[in-house]
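Topology and contacts: notes
The residues making up each chain are set out below.
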Amino acid sequence: MLLELNCVSRSFGGLHALSDVTITLPQGEILGLLGPNGAGKTTLFNVINGVCPPSAGTVRFRGQDVTGKPPYALSHMGLARTHQIVRPLNELTVRENVMVGACFGHEQRRLGEAATIAEQTLAFVGLEARTNQLAGSLNVAEKKRLELARALAARPLLLLLDEVLAGLNPVEIGAMVEIVRQIRDQGVTIFMIEHVMHAIMNVSDRIVVLEYGRLIAEGTPAQVANDPKVIEAYLGRSPHTAQAG
Amino acid sequence: MKVVTAVQRAISTVSRVEIARWISPGLWLTLLAVAGFGAWPLVIGQASLRETLFTALLAIALASSLNIILGFTGYVSFGHVVFFGLGGYVGMLVLSKGAPLWVAMPLGGLAAGLLAYGLGAAILRLRGAYFTLATIGVNEAMRAFVNNFAPFGGATGISLKFTVYNDYGGAANALWLVYGLLLAVTLAAILLSYTVKTSKFGLGLMAIREDEDAAEVMGVVTPRAKTWAYVLSAIIPGIVGVIFFFKNGNIEPADAFRLQISIESIVMVMLGGQGTVIGAVLGAAGYQQLRSFLLTNPLVKDLQLAIAGGLLLLIVLFIPTGVVGLIRRKLPVLRKLLV
């Protein structure tokens with residue numbers, strides 16, 4: 001298993017953002033993470049990459065216990081992520097942004113090698129025309145691509161994608177889904193949070209669903225889509241089941 | 001065969017970047033200008049010009065080194081003078097015991113670097129205004145400590161015997177020697193600033209400046225990077241402190257830990273353009289020019305600090321990236337030149 005979460009919980013004061021979450025992710029899979037707003041999806045990513053350590057439970061990455069390790073340690077081990085709210089390094093150029101990923105992430109490249117990797121990666125995500133611009137001058141769709149390029153330039157083993165499709169138009173979504181597939185084909189395991197249903201149903205091998213910090217469903221996209229608990233979480237209880245219950 | 005060509009290509013890319021880094025007209029023009037202006041009094045042998053440029057070089061060295069932590073890493077430190085003062089004290093202590101200047105200078109730099117290393121572990125965890133407040137506290141604490149520290153002479157400080165200068169060809173000769181040394185250290189400070197900025201280490205620092213949490217997620221070992229940035233920025237003022245107080249002949253707490261020097265260093269870096277090598281140099285030179293005008297002008301001679309404060313306010317409000325930053329933004333053509 002590349003990633004194993006064992007009974008992970010995280011609370012903020014009295015709020016239980018995550019309770020007893022157990023997930024395993026084998027190498028080479030695309031795992032989708034669904035859940036209504038506030039279900040704890042981003043918190044789960046923060047727990048995995050060390051931004052906020054779990055209150056209880058363990059996280060294992062590549063067979064090692066990484067619970068409580070700082071984010072940079074996980075990055076060095078081959079974990080990379082994008083942020084739901086993009087975090088470009090505004091005053092640096094697009095190329096420099098991506099070089100940071102290549103220099104300090106999984107492969108710890110030298111500056112010269114990182115420049116080459118940055119150019120390749122920017123071409124891959126379709127940002128090559130913006131290479132010398134300041135990252136702050138990009139539009140939202142471009143910043144999303146930049147986030148992705150930065151994460152990819154580290155050549156990670158596991159990529160956490162936090163809503164890379166949010167805010168994109170249908171054409172951009174199509175292009176991004178294609179990029180995600182290509183990343184998987186290069187052997188990178190992907191764990192992705194997404195609200196754009198048809199996209200995540202299409203691209204995921206398996207899906208897990210969170211609600212109020214608990215795992216309520218797990219399975220293939222078809223299984224999850226027909227799971228009554230998932231339907232209830234998203235649409236509310238139907239009058240029939242309410243009467244029956 | 002394939003592997004060999006791949007390796008060859010990799011090496012050639014690396015060295016291309018490495019070579020390109022050192023073919024920087026902006027860097028060499030700056031070094032040449034500072035060296036040229038700096039060497040002029042040595043050439044014509046004019047002592048009054050030497051004294052004017054001594055203060056200017058001192059300012060450039062302090063601003064360039066402060067820029068490493070302030071401009072590249074984004075941590076506003078009001079404690080830069082602490083390293084200047086401590087370096088000066090350590091240097092004066094060993095000088096007064098008979099050690100030569102070439103031993104005292106590296107010792108001053110070393111002491112400042114060690115202090116930065118220890119301090120860094122404690123206060124670089126703080127962010128933004130909290131870090132800044134802590135650095136002011138450090139300055140006050142250091143002054144109070146030295147005031148009561150017997151080996152440093154307490155409140156009276158340390159004075160050198162006039163005979164010390166005999167080893168350097170007499171006092172008049174020592175002044176020229178000290179000036180030459182300061183010029184060399186200033187050039188080294190500019191070179192250090194450029195080397196840090198264009199290195200992988202520097203890229204990590206700038207990532208921290210832009211978004212420390214994002215940098216950490218991307219793998220920058222932020223505690224280590226920040227500590228080393230702080231240490232590197234402390235070494236130059238440590239060495240400069242030895243030179244300054246050796247020239248001065250005596251050192252006392254009120255002179256060594258003047259908060260005013262820290263504030264003025266910040267104004268210089270912000271004026272020229274934080275985060276650019278040239279900005280720190282131009283800002284220091286420009287501010288010194290302004291300062292000497294204000295000090296000699298009878299109308300405003302007591303208002304020099306008030307004007308510096310007002311200037312800082314105006315910069316932060318209207319040109320937060322400084323003069324060089326402004327030019328870089330307006331004229332992208334010059335971006336390559338204005339390193």
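These numbers come from a predicted model, not from an experiment.

1. Details of the overall build of chain B
When its secondary structure is counted, chain B shows 15 helices and two strands. Taken over C-alpha atoms, the radius of gyration comes to 21 Å for chain B, in line with the 20 Å a tight globule of 339 residues would show. Projected onto the principal axes, the alpha-carbon positions of chain B cover approximately 70 × 50 × 45 Å. In chain B, buried positions account for 51% of the 339 residues. Of all intrachain contacts in chain B linking residues separated by at least 6 positions in sequence, the fraction that spans at least 24 positions is 80%. Per element, the accessible surface of chain B, about 15,000 Å² overall, is 71% carbon and sulfur. For chain B, the centre of its 24 positive side-chain charges and the centre of its 13 negative side-chain charges are spaced 10 Å apart.

2. Describing empty space enclosed by the protein
Empty space among the atoms becomes visible once a probe the size of a water molecule is rolled across them. Across all of its chains, the model carries one cavity of 30 Å³ or more by this definition. By volume, the largest cavity is sized at about 90 Å³. Lining of the largest cavity is provided by 13 residues; of these, Arg81(A), Arg150(A), Ala151(A), Val217(B) and Met218(B) occupy positions nearest its centre. Those elements that place two or more of their residues in the lining of the largest cavity are strand E6 (79–81) and helix H5 (140–153) of chain A. By residue class, the composition of the lining of the largest cavity is six nonpolar, four polar and three charged.

3. Brief notes about the side chain of Ser193(B)
All names here are of chain B. Considering the arrangement of structural elements, one finds Ser193 in helix H7 (residues 170–197). Overall, Ser193 belongs to the buried group, its relative accessible area being 1%. Contacts of Ser193, omitting those with residues within four sequence positions, involve Ser64, Phe72 and Val277.

4. A few points about the packing of helix H4 (residues 80–96) of chain B against helix H10 (residues 222–248) of chain B
Residue and element names in this part refer to chain B. At their nearest, the axes of H4 and H10 sit 6 Å apart, and the two run at 50° to each other. Relative to H10, the element H4 lies oblique. As for how H4 packs across H10, the hand of that crossing is right-handed. Counted together, His80, Phe83, Phe84, Gly87, Gly88, Gly91, Met92 and Leu95 of H4 and Tyr230, Ser233, Ala234, Pro237, Gly238, Val240, Gly241, Val242, Phe244, Phe245 and Phe246 of H10 form the full contact between these two elements. For the contact of H4 with H10, the residue count by class is twelve nonpolar, seven polar and no charged.

5. Some remarks on the environment of Val66(A)
Residues and elements named next belong to chain A. The topology assignment puts Val66 in the loop between strand E5 (64–65) and helix H2 (71–77). Judged by relative accessible area, Val66 falls into the buried class, the value being 2%. When neighbours within four sequence positions are excluded, Val66 is seen to be in contact with Val59, Arg60, Phe61, Leu74 and Met77.

6. Quick look at the nonpolar core
Core analysis: the biggest nonpolar cluster contains 157 residues, and Leu148(A), Leu159(A), Leu165(A), Leu95(B), Tyr230(B) and Phe246(B) have the highest contact counts within it. Apart from the residues within four sequence positions on either side, Leu165(A) is in contact with Ile173(A), Met176(A), Val177(A), Glu194(A), Val196(A) and Ala199(A). Counting residues in hydrophobic clusters, the runner-up holds 28 residues, among them Leu3(A), Leu33(A), Val66(A) and Ile193(A).

7. Let's talk about the pairing of strand E4 (residues 56–61) of chain A
Residues and elements named next belong to chain A. Relative to E4, strand E1 (residues 3–12) runs antiparallel, the two sharing five bridges. Residue Glu4 lies in a different strand from E4, and its bridge partner there is Arg60. Between the antiparallel neighbours E4 and E5 lie two residues, among them Arg62 with a positive phi of about 55°.

8. With respect to the domain arrangement of chain A
Residues and elements named next belong to chain A. According to the domain assignment, chain A contains domain 1 (1–78 + 157–245) and domain 2 (85–156). Taking the mean C-alpha position of each, domain 1 and domain 2 sit 24 Å from one another. If you look at the interface, domain 1 gives 21 residues, while domain 2 gives 14 residues. Here domain 1 and domain 2 share an interface that buries about 1,400 Å² over both sides, 69% of which is from carbon and sulfur atoms. Considering only the surface of domain 1 that becomes buried against domain 2, His76, Met176 and Ile179 emerge as the three largest contributors, covering 30% of it. Put simply, domain 1 and domain 2 have zero salt bridges between them. Here domain 1 is connected to domain 2 by five residue pairs in polar contact (both at pLDDT 80 or more). If you list the elements that add at least two residues to the side of domain 1 that touches domain 2, you get H2, strand E7 (158–162) and helix H6 (170–185). The element that contributes the greatest number of residues to the side of domain 1 that touches domain 2 is H6, accounting for six residues.

9. Looking at the interface of chain A and chain B
Chain A puts 30 residues into the contact, and the matching count from chain B is 25 residues. Summing both partners gives a buried area of about 2,400 Å² for chain A against chain B, and 70% of it is carried by carbon and sulfur. The largest share of the area that chain A buries against chain B comes from Tyr72(A), Phe104(A) and Leu111(A), three residues that together contribute 27% of it. At the surface where chain A touches chain B, the tally comes to three salt bridges. Notably, a salt bridge pairs Asp211(B) with Arg87(A), separated by 2.8 Å at the nearest N-O pair.

Conventions and cut-offs
- Residues numbered from 1 in each chain as written.
- Chains lettered and ligands numbered in written order.
- Predicted model: local features only at pLDDT ≥ 70, side-chain atom pairs only at ≥ 80, totals over all residues.
- Heavy atoms only, no water.
- Helix = DSSP H or I, 4+ residues; strand = E, 2+ residues; numbered from the N terminus.
- Rg over C-alpha atoms; globule rule 2.2 N^0.38 Å.
- Buried < 20%, exposed > 50% of the residue type's maximum accessible area, 1.4 Å probe, protein only.
- Contact = heavy atoms within 4.5 Å.
- Areas by Shrake-Rupley, 256 points an atom, 1.4 Å probe, with all protein chains shown as cover.
- Lys, Arg positive; Asp, Glu negative; His and termini not counted.
- Charge placed at Lys NZ, Arg CZ, Asp CG, Glu CD.
- 1 Å grid on protein atoms, 1.4 Å probe; cavity = no way out; pocket = protein on both sides within 12 Å on 5 of 7 lines; lining within 4 Å.
- Points joined across faces, edges and corners; volume = space filled by probe spheres on them.
- Nonpolar A, V, L, I, M, F, W, Y, C, P; charged D, E, K, R; others polar.
- Axes fitted to C-alpha atoms, helices over the stretch in contact; angles between N-to-C directions.
- Parallel < 35°, antiparallel > 145°, perpendicular 65-115°, else oblique.
- Left-handed = near helix turned anticlockwise from the far one by under 90°.
- Core = buried A, V, L, I, M, F, W, Y, C linked by side-chain atoms within 4.5 Å.
- Pairing = 2+ DSSP bridges.
- Domains from an automatic or database assignment.
- Buried area = accessible area lost by both parts, 1.4 Å probe.
- Salt bridge = Lys/Arg side-chain N within 4 Å of Asp/Glu carboxyl O.
- Polar contact = N/O pair within 3.5 Å; in protein donor to acceptor, adjacent residues only side chain to side chain.

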